[in-house]
Amino acid sequence: METRDLQTQIHDLTERLIQTEKNRDEYKTKYFQFKGIFQRQTHTFYLYQSLSEASKDALKGIFKGMSFEEFLACGVQPGNIDALWEFSRNEALKGNKNDLPILEQIISYFVRLYNGTNDSPVIDFLTVSEGDSFDFDLHIRTQDSKPAGKISKVLLPGLVNAFTGDVIKKAVVEISE
């Protein structure tokens, strides 16, 4: 009788162990999913913090507060995406290119995040590549660029209406050919 009781206990404990391992694996999967999401968000926040002091100071009108949550809440607003893009455009046109790669990543992140809050994407990026012909309707050239020719560098991608394809913001480009 004692052997049977021990076997029942072993069976019950084995079942509990299997269920515990299953729960652990489920929580582990969820943890890695949340970790991935949080890392993308915090990566963008750290990118913002790595901007030059001059850029961060100029962007104080867009990004209120200092916390991660405030950064997200401010950045996803359509008016602030527009203002961030305009600031980036002005920096590109003034020749202040050091922060442009970071600003482009931040804009891209917030456009994706904003699009995710809608049933379908609202904003998309204008497809422009080096070697494309300059088109006044799609591009803004820098002051030191030639007046016409092939695009040698895309400094800031433009924005388009995802529904209509209408250009919202022209891409900022350099023309050297």
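Report on the accompanying structure. (Residues numbered from 1 in each chain as written. Predicted model: local features only at pLDDT ≥ 70, side-chain atom pairs only at ≥ 80, totals over all residues. Heavy atoms only, no water.)

Description of the pattern of salt bridges
Item 1. Evaluated as defined, the whole model comprises 9 salt bridges.
Item 2. Across the pair Lys 169 and Asp 82 runs a salt bridge, and its minimum N-O distance is 2.6 Å. A residue pair is termed long-range when its members are at least 10 positions apart, and Lys 169 in strand 5 (residues 167-169) and Asp 82 in helix 4 (residues 78-94) qualify at 87 residues.
Item 3. For Lys 169, the salt bridge is made with Glu 86, and the minimal N-O distance between the two is 2.5 Å. Remark: Glu 86 occurs in helix 4 and Lys 169 occurs in strand 5; sequence separation between them is 83 residues. (Salt bridge = Lys/Arg side-chain N within 4 Å of Asp/Glu carboxyl O. Helix = DSSP H or I, 4+ residues; strand = E, 2+ residues; numbered from the N terminus.)

Focus: helix 1 (residues 2-49)
Item 1. Its 48 residues place the ends of helix 1 67 Å apart at the C-alpha level, agreeing with the 70 Å of an ideal helix rising 1.5 Å per residue.
Item 2. Looking only at helix 1, the buried set comprises Gly 36, Gln 41, Thr 42, Thr 44, Phe 45, Leu 47 and Tyr 48. (Expected span 1.5 Å × (residues − 1). Buried < 20%, exposed > 50% of the residue type's maximum accessible area, 1.4 Å probe, protein only.)

Here's the deal with the packing of helix 1 against helix 5 (residues 100-116)
Item 1. Between helix 1 and helix 5, whose axes approach to 9 Å, the crossing angle comes to 145°. In the crossing of helix 1 with helix 5, the sense of the turn from one axis to the other is left-handed. Contacts between helix 1 and helix 5 involve Arg 40, Gln 41, His 43, Thr 44, Leu 47 and Tyr 48 on the former and, on the latter, Ile 102, Gln 105, Ile 106 and Tyr 109. (Axes fitted to C-alpha atoms, helices over the stretch in contact; angles between N-to-C directions. Left-handed = near helix turned anticlockwise from the far one by under 90°. Contact = heavy atoms within 4.5 Å.)

Examining the sheet that holds strand 4 (residues 159-161)
Item 1. Reading across from one edge, 1-4-5 is the order of the 3 strands in this open sheet, with antiparallel pairing throughout. Every other strand in the sheet has two partners, leaving strand 1 (123-125) and strand 5 as the edge strands with one partner each. Each strand axis lies, on average, 40° off the axis of its neighbour in the sheet, ignoring direction.
Item 2. Pairing analysis gives 3 bridges linking strand 1 to strand 4, with the strands arranged antiparallel. (Pairing = 2+ DSSP bridges.)

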